[in-house]
Structure formats: structure tokens, C-alpha cells
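# Architecture at a glance
The residues making up each chain are set out below.
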Amino acid sequence: RKRVAILISGRGSNMSALIEAARAPDYPAEIVGVLSNRAAAPGLAIAAADGIATASLAQSKFPSRDMFEDVMTQILESWNVDIVCLAGFMRILGDDFVNRWAGRMINIHPSLLPLYKGLHTHERALADGAKVHGCTVHFVTPGLDEGAPILQAEVPVLPGDTPETLATRILVEEHRIYPQALRLLASGAI
Ligand code: GAR
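Residues numbered from 1 in each chain as written. Predicted model: local features only at pLDDT ≥ 70, side-chain atom pairs only at ≥ 80, totals over all residues. Heavy atoms only, no water.

Structurally, T121 can be placed in helix α5 (residues 121-127). In this structure T121 touches H109, P110, S111, Y116 and H133, once residues within four positions along its chain are discounted. (Helix = DSSP H or I, 4+ residues; strand = E, 2+ residues; numbered from the N terminus. Contact = heavy atoms within 4.5 Å.)

Moving on: the UniProt feature "site: Raises pKa of active site His" (unreviewed entry) in the protein. Those places that UniProt annotates as "site: Raises pKa of active site His" (unreviewed entry) correspond, in this numbering, to D145. Of note, D145 is situated in the loop between β6 (132-139) and β7 (149-156). You can call D145 buried: its relative accessible area is 9%. Leave out the neighbours within four places in its chain, and D145 touches N107, H109, L113, K117, G118 and H138. In this structure the side chain of D145 is engaged in a polar contact, spanning 3.5 Å, whose partner is the side chain of H109. (UniProt positions renumbered as here; feature names shortened; annotations may be inferred. Buried < 20%, exposed > 50% of the residue type's maximum accessible area, 1.4 Å probe, protein only. Polar contact = N/O pair within 3.5 Å; in protein donor to acceptor, adjacent residues only side chain to side chain.)

On to the pairing of strand β2 (residues 29-36), then. Burial of β2 is extensive: seven of the eight residues sit out of reach of the surface. With seven bridges connecting them, strand β1 (residues 2-8) and β2 associate as parallel partners. When the bridges of β2 are listed, A5 appears paired with G33. Taken together, the four bridges between β2 and strand β3 (residues 53-56) define a ladder with parallel strand orientation. Bridging from a neighbouring strand, V34 pairs with T54 of β3. Once the chain exits β2 it traverses helix α2 (residues 42-49) before rejoining the sheet at β3, and the crossover so formed is right-handed. (Pairing = 2+ DSSP bridges. Right-handed = clockwise from strand over helix to strand, strands pointing away.)

Around the ligand, a shell composed of R11, G12, S13, N14, G88, M90, I108, H109, P110, L171 and E174 is seen. Here E174 contributes a side-chain N or O atom positioned 2.7 Å from an oxygen atom of the ligand. When isolated, the ligand has an accessible area of 450 Å², and the protein chains bury 85% of it. Mapping the ligand onto the cavity grids shows that it belongs to the largest pocket. (Near = heavy atom within 4 Å. Areas by Shrake-Rupley, 256 points an atom, 1.4 Å probe, with all protein chains shown as cover. 1 Å grid on protein atoms, 1.4 Å probe; cavity = no way out; pocket = protein on both sides within 12 Å on 5 of 7 lines; lining within 4 Å. Sits in = over half its atoms within 2 Å of the grid points.)

Next up on the list: the confidence of the model for the protein. For residues with low pLDDT, the predicted coordinates do not support detailed interpretation. In the predicted model, the protein carries a mean pLDDT of 98, and the fraction of residues at 70 or more is 100%. Among the prediction metrics, the complex's ipTM stands at 0.99, with pTM recorded as 0.98. (pLDDT = per-residue confidence, 0-100.)

Okay, structure coming up:
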């Protein structure tokens, strides 16, 4: 089984979906650690309660992003990580860190990429009058939200939707496709 670390910044519901999926005996990956850039991220406590190694590391405590990412690398190496999953990790990663994990780091993004890279995807889809919206699991490359997509799921945009109702509808799909995408990567299918 491939050894997977999950990077989070907050709630960690996608993290929980990956942890849950990895409980299946035939799942090709195990979650060996969860790293947060915020000590108060609720997902950290959830992972710790599941007996998973956790670490938190505030970028603001480091003189530079490179030094922050060097320590992240040391932690990931200490866990013998094969694959990194970004799950609501809300910091942009530097090229050196991204290139180190090329082909072995994936992210979930709440839009149908290449539409709506970056933040506030639901607000922007609603402002455009989009009829469909969704989420994408993709490889992480140096360009923000630009790596090759692995899986996508669509949802309809319904009359009366707010960013919150849309986010809730999409989150269900995120929790479905992220474990599927990790399975594809960890099994060597992609
Ligand atoms: C998810 O909706 C994820 O797609 C999004 O943040 C949320 C994290 O929720 N990610 C991004 O916007 C990345 N730019 P979670 O902590 O409950 O998984």
C-alpha cells in the first residue's frame, strides 16, 4: 500500500473521506500522516483521534516560504510518504516543493477546471449564471490549479442557489471522487 500524507488547513472533510476509504482492506493506499498549516484546523483533531500522525506548521513562523517547505519535506520524509494529497490546503506551494512531488501530489478543487481557478469559485460561477458547476481532482504542477485533471464531477446549478448551497452540493461529489482518484494513482492505474 502506498503511504499517503494529507495536507489541510481547516475542516478536513475531504481528509475524512480519504481516511474512510483507506479503511477498506483492498484500498491501495494508507493515510500515514496529516499536516496542517494551521494548528487550529479541526481536521487535525479528527485525524489524531483516528490514531494518525499529525503535525502543524505555521508558515508565518518561518523566515521564508522555502524554509517552511523544507520543514514540511522533512516531516513528509520522516513519514516515508509516497503520495501527497492536498485537501483544502490553502497556501500556494513553491516550485521546488511542487517539483519534488511531481506526479505524486494531487489536489481537490471546487470547480470544473480549467474554469474558476483560485478562490471564490462558487461566487464566480453564480455571478456568471453557470448552469453546471462541480469539482476536479488534478495533479499539482507549479501553475496554480493547472495540472492535468484526474477526475471531475458535475452538479447542476439550481434556481435560488447561494454559494453555500452550491458548495454543499459539490462537497458530496468531492468526497466521492477524491478517494476514487487516489485509488487510481496509488494502484498505478494512472
Ligand atoms: C473543499 O471544498 C476543497 O475543494 C476546497 O476547500 C474545501 C476544503 O474543505 N479547496 C480549495 O478551495 C483549494 N483551493 P475540507 O477541509 O472540508 O476538505
